[in-house]
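Close look at the chain arrangement
If you want the building blocks of each chain, they are given just below.
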Amino acid sequence: MAKHKIRVKVQGTEREAEVESRLLLVHFLREVLGLTGTHIGCDTTHCGACTVLLDGQPVKSCTVLAVQADGREVMTVEGLEKDGKLHPIQEGFWQEHGLQCGYCTPGMMITGYALLARNADPSELEIRQAISGNLCRCTGYVNIVKAVQHAAKLRTTAA
Amino acid sequence: MIPAAFDYHAPATLEEALALLAAHRDDAKVLAGGQSLLPLLKLRLGAAGHLVDIGRIPGLDSIKEEAGWLKIGGRTRESELERSALIRDKYPLLADTAAVIADPLVRNLATVGGNLAHGDPANDHPAAMTALRAEVVATGPRGARTIPIDELFRGLFTTALDAEEILTEILVPAPPPGSGGAYEKLERKVGDFATAAAAVQVTLGAGGEVVSAGIALTNAGPAPVRAVEAERYLTGKQPVAAVIAETARLAGAAARPSADRRGTIEYKREMSRVLTARALRRAIQRAKEQ
């Protein structure tokens, strides 16, 4: 089957590759670009472990084709840290112990990042609604909510 | 999971997309948000030789009112519907519906047109649009035609859309003053399909009587179920408690669900009744507040 040359901006840098039509975005990121921070969880659009930003919106990268991302911008968990400094959302998960096994964490942080970009001071309900497509089987979500709240505070005091 | 091989097309215009569909017909599928299609292909429950991605065609994703109609572009994302002030203020049934479809991440890609064209009675827009008496615009090689919502769904995953057509727009009649709607969905968890759900749209007259009613059920048969007898019974009456109860009873009786992990037939029918009553009370409340 035909291959397609795609160009995707990943963490702001143009990346080019020739891919099969059926290659999923998550496989493109992990296997072609070597960005293994994005996890594959359920692989059935439920768990959100594979969440990345596509043109600024959090989406499940197991349910997007790499060819659909051609000409678009992607940000993965690797794009959060800048110059050796953790992003407030990462700092929040660190400080509030927002993870146990860590499997859902990249997706949780990307969803949290997108929420705070849209709503700088979300209520607990808004946080819980925003992460309702990201499953965590360890924490019971309490510390994840605290982590996002912590990040919101850090962002507003830094601004 | 990896889908069976297919070729991918990203037409820049509607004309190009229609030409691709005409060339490949049943071997082609339209890719909009992909949130139903890609899981099907990955699970290999479906296959297609060609995917025609309408994601790069401009002009298919607007929400606007024009000449007495709400016009929703077929590729409008659920998240856009959810955040639209016009939808929130004037079409609360659609705002309710958009907020409970799948989960927020899926809604960033999933489209209103896709939710209808997929022909899945477990999807939420089919019942919502049935209650609203919407119409869809199907654009094909010979132009556009309008399909009333009651004629769109032919059965499980089957619609009146031809293989050469794309669902380009949804038309919802703008509700007259004194109207309100609501969608009530019972789901086991966020992201699950409805165990049962009810969509209600009503318009009240000057005396508080119901002058028109749309009532439809999700996941209550092979296609969305319009509760015709319930609508007929309610129309012309004052929506007092006993009338709401009888309307809900008639709606529950119209449900033809099948048993699965979400519940037995009896349970789902009962939930259809309960949810219709709740949706109706909320729709009436909203109509009065208007």
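1. Side note on the overall build of chain A
- Along chain A, the regular secondary structure elements total five helices and five strands.
- Going from N to C terminus, chain A has its helices and strands arranged as β-β-α-β-β-β-α-α-α-α.
- Over its C-alpha atoms chain A spans a radius of gyration of 16 Å, differing by no more than 12% from the 15 Å that the globule rule assigns to 159 residues.
- With the C-alpha coordinates of chain A rotated into their principal frame, the extents come out at 50 × 30 × 25 Å.
- When burial is assessed residue by residue, chain A has 50% of its 159 residues classed as buried.
- A fraction of 59% describes how many contacts in chain A between residues 6 or more apart in sequence connect residues 24 or more apart.

2. Focus: the overall build of chain B
- Along chain B, the regular secondary structure elements total 12 helices and 14 strands.
- Expected size for 290 residues packed as a compact globule is a radius of gyration near 19 Å; at 19 Å, chain B falls within 12% of this value.
- Looking at chain B as a whole, 56% of its 290 residues are labelled buried.
- Contacts in chain B between residues far apart in sequence, at least 24 positions, make up 65% of those at least 6 positions apart.

3. Section: the interface of chain A and chain B
- Each side of the interface is counted separately: chain A has 25 residues, and chain B has 21 residues.
- At the level of elements, β4 (57-60) and α4 (124-130) of chain A are the ones that each hand at least two residues to the side of chain A that touches chain B.
- Among the elements that make up the side of chain A that touches chain B, the one with the highest residue count is β4 of chain A (four residues).
- Classifying every residue of the side of chain A that touches chain B gives eight nonpolar, 14 polar and three charged.

4. Quick word on the environment of Y113 of chain A
All names here are of chain A.
- Relative to the helices and strands, Y113 resides in helix α3 (residues 105-118).
- The buried category is assigned to Y113, around which 23 C-beta atoms lie within 10 Å.
- In the structure, Y113 is positioned 24 residues away from I89 in sequence and 6.3 Å away in space, judged by C-alpha atoms.
- Residues in contact with Y113, not counting those within four places in the same chain, are L80 and I89.

5. Concerning the environment of C138 of chain A
Residues and elements named next belong to chain A.
- The topology assignment puts C138 in the loop between α4 and α5 (142-158).
- Each C-alpha atom of the pair C138 and C104 lies 9.4 Å from the other, and the pair is 34 residues apart in sequence.
- Look past the residues within four positions of C138 in its chain and what remains in contact with it is Q100 and C101.

6. Remarks on the packing of helix α2 (residues 88-95) of chain A against α5 of chain A
All names here are of chain A.
- Remark: α2 packs on α5, axes separated minimally by 7 Å, with the N-to-C direction vectors making an angle of 135 degrees. On the basis of the axis angle, α2 is oblique to α5. Note on packing geometry: the crossing formed by α2 with α5 is right-handed. Along the contact surface, α2 presents P88, I89, E91, G92, F93 and Q95, while α5 presents A147, V148, H150, A151, L154, R155 and A158.

7. Some thoughts on the nonpolar core
- A66 of chain A together with A199, V200 and L217 of chain B are the most contacted members of the largest nonpolar core, which has 139 residues in total.
- Ignoring sequence-local partners within four residues, the contact set of L217 of chain B consists of A127, A197, A198, P224, V225, A227, A251, A254, A255 and S272 of chain B.

8. So, the pairing of strand β11 (residues 179-186) of chain B
Residue and element names in this part refer to chain B.
- In terms of burial, β11 is largely enclosed, as eight of its eight residues are buried.
- Burial along β11 is two-sided: the residues S179, G181, Y183 and K185 and G180, A182, E184 and L186 are all buried.
- Examined bridge by bridge, β11 and strand β12 (residues 196-204) share eight bridges and lie antiparallel to one another. Looking across to β12, one finds that A182 is bridged to V200.

9. So, the pairing of strand β10 (residues 166-173) of chain B
Residue and element names in this part refer to chain B.
- Of all eight residues making up β10, seven are buried, and the element is well covered by its neighbours.
- Of the pairings in the sheet, the one linking strand β5 (residues 69-73) to β10 comprises five bridges and is antiparallel in character. Looking across to β10, one finds that W69 is bridged to P173.
- Alignment of strand β6 (residues 135-140) against β10, held across five bridges, turns out to be antiparallel. Its bridge partner being in β10, V136 is matched across the sheet by I170.

10. Observations concerning the sheet that holds strand β3 (residues 50-53) of chain B
All names here are of chain B.
- Spatial ordering of the open sheet is given by β1-β3-β2, a layout of three strands whose pairing is parallel. The open sheet has two free edges, formed respectively by β1 (7-9) and β2 (28-31), since each of these has just one partner strand. Within this sheet the neighbouring strands show an average axis-to-axis angle of 25 degrees, counted without direction.
- Relative to β3, β2 runs parallel, the two being bridged by four bridges. Bridging from a neighbouring strand, K29 pairs with L51 of β3.
- Packed onto the sheet, helix α1 (residues 14-24) meets β1, β2 and β3 and runs at close to 165 degrees relative to β3.

11. So, the sheet that holds strand β7 (residues 143-148) of chain B
Residue and element names in this part refer to chain B.
- Spatial strand order, β4-β5-β10-β6-β7: five strands in an open sheet with antiparallel pairing. Every interior strand has two partners, whereas the edge strands, β4 (63-66) and β7, have only one. Here the average twist between neighbouring strands, direction ignored, is 25 degrees.

12. What to know about α2 of chain A
All names here are of chain A.
- Taken as a whole, α2 has its buried residues at P88, I89, Q90, G92 and F93.
- Turning to α2, the residues buried within the fold contact α3 and α5.
- Backbone geometry just after α2 places H97 at a positive phi near 50 degrees.

13. What about the confidence of the model for chain B?
- On average, chain B scores 97 in pLDDT, and the residues at 70 or more come to 100%.
- Scored as a whole, the predicted complex attains pTM 0.97, and scored at its interfaces, ipTM 0.97.

What counts, and at which threshold
Residues numbered from 1 in each chain as written. Chains lettered and ligands numbered in written order. Predicted model: local features only at pLDDT ≥ 70, side-chain atom pairs only at ≥ 80, totals over all residues. Helix = DSSP H or I, 4+ residues; strand = E, 2+ residues; numbered from the N terminus. Rg over C-alpha atoms; globule rule 2.2 N^0.38 Å. Buried ≥ 20, exposed ≤ 12 C-beta atoms within 10 Å, placed from the backbone. Contact = placed C-beta atoms within 7 Å. Nonpolar A, V, L, I, M, F, W, Y, C, P; charged D, E, K, R; others polar. Axes fitted to C-alpha atoms, helices over the stretch in contact; angles between N-to-C directions. Parallel < 35°, antiparallel > 145°, perpendicular 65-115°, else oblique. Left-handed = near helix turned anticlockwise from the far one by under 90°. Core = buried A, V, L, I, M, F, W, Y, C linked by C-beta atoms within 7 Å. Pairing = 2+ DSSP bridges. pLDDT = per-residue confidence, 0-100.

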